[in-house]
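Observations on the model geometry
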Amino acid sequence: QQQVKQSPQSLIVQKGGIPIINCAYENTAFDYFPWYQQFPGKGPALLIAIRPDVSEKKEGRFTISFNKSAKQFSLHIMDSQPGDSATYFCAARGNSGAGSYQLTFGKGTKLSVIP
Amino acid sequence: DVKVTQSSRYLVKRTGEKVFLECVQDMDHENMFWYRQDPGLGLRLIYFSYDVKMKEKGDIPEGYSVSREKKERFSLILESASTNQTSMYLCASSIRGTGGSNEQFFGPGTRLTVL
C-alpha cells in the first residue's frame, strides 16, 4: 500500500526549464510535507517543506504548491541548472503517535538537467 | 555541522552471514531510522527508534533486527543475509518533538552486496 504516489519516475529538461514533480497522498492525518534532494553517492537532504495551512512556499528557485482538497502537492524548480540534477523525493508525516516521527516517502524522481 | 556517519560505504557479504550495519549521530537526536533504498522503490523504512532501547517496526522489518544501546548509536542487524537484501542502506536521525520540522538527517549510506 503506497501512501504517497510520486510522478514522474524520471524527467529530463533543458537548462532554464521548469521541471515539475507531483505527489499525491490519501492519509488526511498527514500534516507536514517535505521534499528531499539526493545527489549520487550522498544521503538525501531536506530541500523545502510545507504545512497544509498554506498553498505555496517558495525558497529561492524551489517552490512547493499544495492543494489540500485534492490531496496533492508538487515541486517546481525555476530556471533549472545542471547542478539541480539529482533524485527528488516527496514525503509526508503523520500528526499523532508513532506516525509523527515517521516520514512516508514517494518512490523518487530522477531529474536530469541538460546544458 | 550535523553529522550522521555509517560504518561502511561498501560491504560485500555471503549468503547466511550475520551482518552488522552501524550508524552514529552527533546531534543528540532522540529518533533514529534505518531505510533501504532500491531503484524504483524509493526509501522504505525498516525500523526506527525513538529512545534508547526502544524500537518500532517500519514497513519492511522481516529479516532485520536493530539495537540501540546508546542514544547516539543505532545498529541494523541482518541475522542471516540473503541475496534479496542486497541494497543501499540509509540511516537517519531527527529530534523527537512534533512542533518543529523533525527534519531527518541522513548518513551517506552503505551499499551492501550479498553474494
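The following paragraphs examine the structure supplied in this document.

About the criteria used
- Counting from 1, residues in each chain are numbered in the order their sequence is written.
- To label them, take the chains in the order written and letter them from A, then take the ligands in the order written and number them from 1.
- Only residues with pLDDT of at least 70 get local features here, since the model is predicted, and only at 80 or more are side-chain atom pairs given and counted; chain-wide, interface and lining totals rely on the full set of residues.
- For the side-chain quantities, the full set of heavy atoms in the structure was used; hydrogens and water were omitted.
- In this description a helix means any DSSP run of H or I spanning at least four residues, a strand means any run of E spanning at least two, and both kinds are numbered starting from the N terminus.
- We take the radius of gyration over the C-alpha atoms and set the globule estimate at 2.2 Å times the residue count to the 0.38 power.
- Buried means the residue's accessible area, taken with a 1.4 Å probe over protein chains only, is under 20% of the maximum for its type, while exposed means over 50%, and partly exposed covers the values in between.
- Here, residues are in contact when the closest pair of their heavy atoms is within 4.5 Å.
- Think of it this way: Lys and Arg go in the positive column, Asp and Glu in the negative one, and His and the chain ends go nowhere.
- All charge positions are set by atom: Lys at NZ, Arg at CZ, Asp at CG, Glu at CD.
- To form a nonpolar core, buried Ala, Val, Leu, Ile, Met, Phe, Trp, Tyr and Cys residues must be joined to one another through side-chain atoms within 4.5 Å.
- Using a 1.4 Å probe, buried area is obtained as the accessible area two parts lose upon being combined, added over both of them.
- Any carboxyl oxygen of Asp or Glu within 4 Å of a side-chain nitrogen of Lys or Arg constitutes a salt bridge here.
- Counted as a polar contact is a pair of N or O atoms within 3.5 Å, where, for protein atoms, one must be capable of donating a hydrogen and the other of accepting one, and residues adjacent in sequence contribute only when both atoms are in side chains.
- Here, any two strands with at least 2 DSSP bridges between them count as paired.

It is worth spelling out the overall build of chain A at this point. Broken down by element type, chain A carries zero helices and 11 strands. In terms of overall dimensions, chain A is globule-like: its C-alpha atoms have a radius of gyration of 14 Å, near the 13 Å expected for 115 residues. Structurally, chain A occupies a C-alpha span of about 45 × 30 × 20 Å along its principal axes. Out of the 115 residues belonging to chain A, those deemed buried represent 46%. Considering only contacts within chain A whose residues lie at least 6 apart along the sequence, 53% involve residues at least 24 apart. Averaging the coordinates of the 12 positive side-chain charges in chain A and doing the same for the 7 negative ones gives two points 5 Å apart.

Glancing now at the nonpolar core. Ranked by size, the top nonpolar core spans 24 residues in total, and within it Phe33, Trp35, Ile64, Phe73, Leu75, Tyr88 and Leu111 of chain A carry the most contacts. Of all the elements in the fold, those that place two or more residues in this core are β2 (10-14), β3 (20-25), β4 (30-38), β5 (45-50), β7 (62-67), β8 (72-77), β9 (86-94) and β11 (109-114) of chain A. Apart from residues no more than four positions distant in its own chain, Tyr88 of chain A is found in contact with Gln6, Ile21, Tyr36, Gln37, Leu47, Phe62, Leu75, Ile77, Gly108, Thr109 and Leu111 of chain A. Core analysis: the next-biggest nonpolar cluster, separate from the first, contains 21 residues, Leu21, Met27, Ile60 and Leu76 of chain B among them.

As a further point, take the interface of chain B and chain A. Counting residues at the interface gives 24 residues for chain B and 20 residues for chain A. Carbon and sulfur atoms make up 55% of the area that chain B and chain A hide from each other, which totals about 1800 Å². Our count for the contact surface shared by chain B and chain A stands at zero salt bridges. Between the two partners, chain B and chain A, sit three residue pairs in polar contact (both at pLDDT 80 or more).

Another point: the pattern of salt bridges. Under the defined criterion, the tally for this structure stands at eight salt bridges over all chains. One salt bridge connects Glu59 of chain A with Lys57 of chain A, and the closest N-O pair in it is separated by 3.6 Å. Look at Lys57 of chain A and you get partly exposed, because its relative accessible area is 33%. One salt bridge connects Lys53 of chain B with Glu69 of chain B, and the closest N-O pair in it is separated by 2.5 Å. Pair noted here: Lys53 of chain B is in the loop between β5 (42-49) and β6 (56-57) and Glu69 of chain B is in strand β7 (residues 64-70), with a separation of 16 residues, a long-range link. Since its relative accessible area comes to 51%, Glu69 of chain B is described here as exposed.

Turning next to the pairing of β9 of chain A. Residues and elements named next belong to chain A. Burial within β9 is extensive, with nine of its nine residues counted as buried. Burial along β9 is two-sided: the face carrying Ala86, Tyr88, Cys90, Ala92 and Gly94 and the face carrying Thr87, Phe89, Ala91 and Arg93 are both buried. Relative to β9, β4 runs antiparallel, the two being bridged by six bridges. Bridged to Phe30 within β9 is Gly94. Of the strand pairs in this sheet, β9 and strand β10 (residues 103-105) are connected by three bridges, and their pairing is antiparallel. Within β10, the position partnered with Arg93 by the bridge is Leu103.

Geometry only, nothing functional implied.
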